[in-house]
Structures are given as structure tokens and as C-alpha cells.
Amino acid sequence: MESNVEDYKLIFEKEGVYLHTNAKRSNQDTTIPGFIRIVERAGVPALEWSPLEDEGRRAPAVLYTKKDGEGGEEETNFDPGYEPDWAVISTVKKDQREHVPIRDSGEWSFSLPLSELYSLRRARFSLGRNFLVLTSRGGHPLPPLHFHRGGTRELLRALHRYIILDPSPVDGRLFLAYPQDSGALSQSFDKLHLLDDGSSDLVSRFIHDPYATTFGGFSKVTNFFKAALRPPDSPVYSRTAQDPSLPHQTDEEPGFELITCGVELGPRPEVTRGQPLNKWEDFLDPEGRVKNPERVKQLVFRGGVTPPLRKEVWKFLLGFYPWNSTVKEREDILRAKTDEYFRMKVQWKSVSEEQEMRNSLLRGYRSLIERDVNRTDRHNTFFSGNDNPGLTLLHDVLMTYCMYNFDLGYVQGMSDLLSPLLFVTQNEVESFWCLTGFMELVHQNFEESQEAMKQQLLQLSILLKALDPELCDFLDSQDSGSLCFCFRWLLIWFKREFSFEDILTMWEVLWTILPCENFHLLIACSILQSQRGELIGSDHDFNTILKHINELTMKLDLQSTLCGAEAIYLQLIQCKELPIKVQQVLGLYAPSSTEGDSPDSQASETQGLLSQPQAGAASCNSAPVPTYP
């Protein structure tokens, strides 16, 4: 690693640091002695490792290589021998060359700018030795480093000169790296008290399900959203992104318009639920076509579906069968879809262990799936016990989905979406294609950028600010205005908040896409407003708000929640002076719309679809009561 002496400054150096090219094996061919250094090159601090200069041997071949499509050169990748860590959403990291800030200066030497260091993990593999594993912000783990003569504490002290290393509250071996100026991030840890020794009881009660690292790592969630909820085009975001030395402006509003809703919304109508859909044959013509799909959706939205009909109706709601298909056409579709499913299943079933060792992506997917299958809905008899065939089906469907959508692959949380589908259909092929239909609605939630999740939380804030400014002000005063505690709700559509049976009803209601695509956000508003009396005027702070919201799990009433969400929608669409951003969230406003597609007319159509007695966007003082079939 040569450099201009004037641009080079050595900050820290330690000899006797062994790089392991394969953490699963230990011999002279897989360990390389060298130096670890912290240096500044042209003022940019970096962590570097280089082998001893007098070592004549070459590093061994790595487990796999991947061709670079542009340059044609082989890129060396390291198999760390463990599943990658993940923050809010865990994915098996794909090879994204443009995101790897690692500068190779030899076969195994590396130089990683400290601004691109994402995490540091103390790991112990099968060898029984302790290793330090660094991961870049591109998601690429570097080869493990073993400090044969000690020195890890000195290295960490030297790193603290440039970055903050915060322990993860759910994994004491993992440290997340933040820039020294990340005041908001440190503040979130302080307010959660997640770094205190006495916090384990709070965290264990706050995250009392097995997905602690998935949906309960609120230090990660909170830190992520305090920094990331500001839209990229906002001035503060741009300033921080361009100059990381500038402190965060935590007292400024997020990037959405201030909604004071100066006009009164008017009274909220009372809404009652209807009876579930219990007659299916009545809606079919002699050839088996569904005669009135919109009427079916109305009934499902109002009351759900009776359990005996779910297996059939869900396949229409999730797009497995077209609404206008005949019985004969559906038989052909099922035959074709069955063939397609098993062709994809054979693809991963036929991969040998030796082949899989050279495919880190597939190996990573399998590892995550096997881990999640063993802890998904085990209280349900369909998945309970050991050697349960339901678990095998859950595993096989998820693995096959990786073949169907290899770009997304498997992300933790997807097993939660599949288990009710498999429970209802009791069929491997049908549950798979229902999952693909479900994922068409929510796949953005699982994308690594998390842009869709940030957008939904912003939209939820917009709705809540219009509905209940007082509650918003209170949450803002307690640093909870980002609504990060709603993240899990939106990610897997309240799967962990309601009972298994209630989720079957909620999901079929949401699959109707009535009365708008963002009805799940109105459900979140309904839950939050149901808790306003508990929150406002109490002595809750940031920490106890998170705890209180989490403890609502399995205590919420589904029917009153759905009634509240629909009543909120009706209350909002009756107001002609509703802020534009609220109209956009509800799907009532498009800038290029003609008069025929105005917000009022769209509201009228939706209201008519819901069989309301009054059409159009009524005045803010009217409160029609919906009728049900």
C-alpha cells in the first residue's frame, strides 16, 4: 500500500494480525499474518490490512469467484461462514460492485474508509478462536481477523477517534458504526437506555417474540429513522449528505408539509361491520365465472370470508385465478401453475452441497429460511412439533420463491406472510402462487433500500397530523413523531399485533384494496387514536411510548379497529378542504386529473362502491352512516 508521504499519516499499527481466508478451516493455507493499521490518506481515515512483506507464499483460492460483467475480471469474494447481520430488514447481500468501498492492493490486502464501515462483530467460529469481522456499508463482510498477540482494545480505542461504535442491544458481539457527528443516533440510544446493563428486562418485554433481531431491534430502527426519515430532497438532508461534519438539525420538521387542517373535519360517522361472505355459488355463472367481482369485494371488505370459503376466494383476491375465468380455464391454470412451480422447485433441490458451497447467495437464503421456519407460528397446530410436514412445506415454498424472484430472494418476515396462506390452502402449489400475489402488494416493504417503508411512515404522519394534531404534537414532544414504533405494523401488515384468526380476516379485507390502497395506514391511525387517552396527559416518554405500543400485541380488537379505520376514511373524504397531501395518500388527488377525475368525483365513486347513502365529497359537517348488505 504505497502512498505519497505528504498525504499519508499513520495513526495506529498492530503486528501479528492473521487474516483467515476461510473461517471454517484452519491451516497454514488459510491464515496469512500481517499488519492492521489506521491511516489517514489525504485526510481521509481508513482501516487497512496488509500481509507481512517477507511472506513469500500466495493466498489460497477462495471459495468462489464471480465475473464482473463490465471488465471481465474476476472479483474475489469471501465466505464468512456465518449468516450476515441485518438491521431493519435483513437480506442476503447481493454482489453490488458499485457499493463496495474496499480498495484492493494485493490479493488479500484491503483498505476500507472508516466512513464506509457499517459494523464490527466479535465472532467465534468452529475453530474456537475469536475473530473480528468487519462489514462495509455495501453489505460485504471482510475476511475475519485474528489478533494473535492481542490488541483489539487498542484498535477500538483508536477507532473511537473517528467513529462511534454502539453495541447492539440484541447481540452483544455486534457493534454498529456511526460517524462521530451523529448526535441524533447517540441520543436515540440514550433515550432507550439500551446500552445500560439493566435494560435487558425492558428489551425482553418490549421484544417478546422470537424475531428479536427482525422486528424488535428498536435501537437500529430508531437510529435508522431519525437519520433517514428526512426526504432526500429536503435542505437538511442535502446539507448532511454533502458535508457529514455538519450536525443534524433535529428541531426542523421532516420533509412533508405542515398540516394543521384549519378546517374542521366534521363528526366521524359511526360504522358497523357486516356479515362475512358465506355463499359462493350464488356469484358464479353456469360456466363458473364470477358474475360481480366488485360486489364480492364489497362483502369481503365489510365482513371477511367464512372459513370454508377462504381456500377458494383467496385465490381470486390474490390473483391466482382471474375473476372472469371459467371452471375449465381454472383447471388449465392450476395444471400449468403446478408444472411451473415444480420446475422452479427442482432448480434448488438439484443443487448439490458442493455446488451450494460455491453459491453464497443461495446458501444465505437457505440459512435464513431454515432459521425462520423453526420459529414461525409454532403455536399453530399446523406448524407445531418437530418433524411437522407443515414446516417442510413452509421451507420448500420459501426456497422456491427464491427461484421465482431471485433479485429479492428471501427476507426475514416473509415466512410470516406465507404461514396463513399455507394454513388456509393446505396446498404447496396454491400457497406459493398466493404468496406471489401477496408479494406483488408488499414486496417494496422488503427491499433493502427501505424507501417504501420510509414513505409509508411519512404518509402515516401526514394522516395522523390531519386527524389528531394534538396527538402528533405530543408524540413530537417525546421524540416519537417519526412513528418508528409502527414499523413492524406496516412491514408485515399487523401480523404480530393480532391473533392468527384475526389476521386471516384483516388480510382478506386489505386484499380487496377498498376503499383505497392505503387502508392499512388508516388501520394504523385507528390503533393510534384508540390509545390517545393512554398517551396524552400521561407521564410517557420516548422509552415508555415504545414499550406501551409493543405491549398492545394480541390485545387489540379487530372489528373495532376496522370500524375505526373506515370511519376515519369517511370522515376525511367528506371534507372538501382536505390538504392535498392527505388527498394524495388516500388516492383522491392527481395533479394532472381532469374535472371528471377530480377528488370529489373519485370520492363519489369510492363511496358508491361502499354503498354509502350520500355520494360525492360532502360538506365537513355532514356525517352519513354507511349501510351494509
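Refer to the structure printed above.
A few points on the structure. (Residues numbered from 1 in each chain as written. Predicted model: local features only at pLDDT ≥ 70, side-chain atom pairs only at ≥ 80, totals over all residues. Heavy atoms only, no water.)

Overview of the overall build of the protein chain
Counting its regular elements, the protein chain contains 24 helices and 12 strands. For the protein chain, buried positions account for 54% of its 629 residues. A separation of at least 24 residues holds for 70% of the contacts in the protein chain among residues at least 6 apart in sequence. Summed over all atoms, the accessible surface of the protein chain reaches about 27700 Å², with 48% contributed by carbon and sulfur. (Helix = DSSP H or I, 4+ residues; strand = E, 2+ residues; numbered from the N terminus. Buried < 20%, exposed > 50% of the residue type's maximum accessible area, 1.4 Å probe, protein only. Contact = heavy atoms within 4.5 Å. Areas by Shrake-Rupley, 256 points an atom, 1.4 Å probe, with all protein chains shown as cover.)

Some remarks on the packing of aromatic side chains
Considering all chains together, one arrives at 23 aromatic pairs under this definition. A centroid spacing of 5.1 Å and a plane angle of 85° characterise the contact between phenylalanine 423 and phenylalanine 500, whose relative ring orientation is edge-to-face. In this pair, phenylalanine 423 is assigned in helix α13 (residues 414-425) and phenylalanine 500 in helix α18 (residues 500-511), connecting sequence segments 77 residues apart. Among the aromatic side chains, those forming a connected cluster through ring pairs are Tyr341, Phe342, Tyr401, Tyr404, Phe432 and Trp433. One cation-aromatic arrangement involves arginine 330 over tyrosine 321; the distance from NZ or CZ to the ring centre is 5.9 Å. One cation-aromatic arrangement involves lysine 337 over tryptophan 433; the distance from NZ or CZ to the ring centre is 4.1 Å. (Phe/Tyr/Trp six-rings, centres within 6.5 Å; stacked < 30°, edge-to-face > 60°. Lys NZ or Arg CZ within 6 Å of the ring centre and 35° of its normal.)

Comments concerning the environment of isoleucine 38
Within the fold, isoleucine 38 resides in strand β2 (residues 31-41). A relative accessible area of 0% means that isoleucine 38 is categorised as buried. In this structure the C-alpha to C-alpha distance between isoleucine 38 and leucine 159, which are 121 residues apart in sequence, comes to 7.8 Å. Setting aside its immediate chain neighbours within four residues, isoleucine 38 contacts Lys9, Leu10, Ile11, Phe12, Ala46, Leu47, Leu114, Leu155, Ala158, Leu159 and Tyr162.

A few points about the packing of α13 against α18
In the contact formed by α13 and α18, the axes pass within 11 Å of each other and the chain directions differ by 95°. The angle between α13 and α18 places the two elements in the roughly perpendicular class. When α13 is examined against α18, the residues Asp416, Leu417, Ser419, Pro420, Leu421, Phe423 and Val424 are found in contact with a partner set consisting of Phe500, Leu504, Trp507 and Trp511. Residue composition of the contact of α13 with α18, by class: nine nonpolar, one polar and one charged. (Axes fitted to C-alpha atoms, helices over the stretch in contact; angles between N-to-C directions. Parallel < 35°, antiparallel > 145°, perpendicular 65-115°, else oblique. Nonpolar A, V, L, I, M, F, W, Y, C, P; charged D, E, K, R; others polar.)

Points about the packing of helix α15 (residues 451-467) against helix α16 (residues 469-477)
Where α15 meets α16, the closest approach of the two axes is 5 Å, and the angle between their N-to-C directions is 125°. Taken together, the axes of α15 and α16 lie oblique to each other. Within the contact between the two elements, α15 uses Ser461, Leu464, Lys465, Ala466 and Leu467 and α16 uses Pro469, Leu471, Cys472, Leu475 and Asp476. The class makeup of the residues in the contact of α15 with α16 is seven nonpolar, one polar and two charged.

A closer look at the side chain of serine 526
Positionally, serine 526 belongs in helix α19 (residues 519-530). Polar contacts involving the side chain of serine 526 include one to the main-chain carbonyl oxygen of threonine 561, which spans 3.0 Å. Sequence-distant contacts of serine 526, defined by excluding residues within four places in its chain, comprise Ser560, Thr561, Gly564, Ala565 and Ile568. (Polar contact = N/O pair within 3.5 Å; in protein donor to acceptor, adjacent residues only side chain to side chain.)

Concerning the environment of phenylalanine 301
Inspection of the secondary structure assignment puts phenylalanine 301 in helix α7 (residues 293-303). Separated by 26 residues in sequence, phenylalanine 301 and glutamine 275 have C-alpha atoms that sit 10.0 Å apart.

Topic: the nonpolar core
Trp280, Phe446, Leu522, Leu572 and Leu586 are the most contacted members of the largest nonpolar core, which totals 123 residues. The element contributing the most residues to this core is helix α22 (residues 558-573), with 10 residues. Beyond its immediate sequence surroundings of up to four residues, leucine 586 is in contact with Leu463, Cys516, Leu522, Tyr569, Leu572, Ile573 and Leu578. Counting 27 residues, the second-largest nonpolar core is a separate cluster that includes Leu19, Leu112, Leu142 and Tyr162. (Core = buried A, V, L, I, M, F, W, Y, C linked by side-chain atoms within 4.5 Å.)

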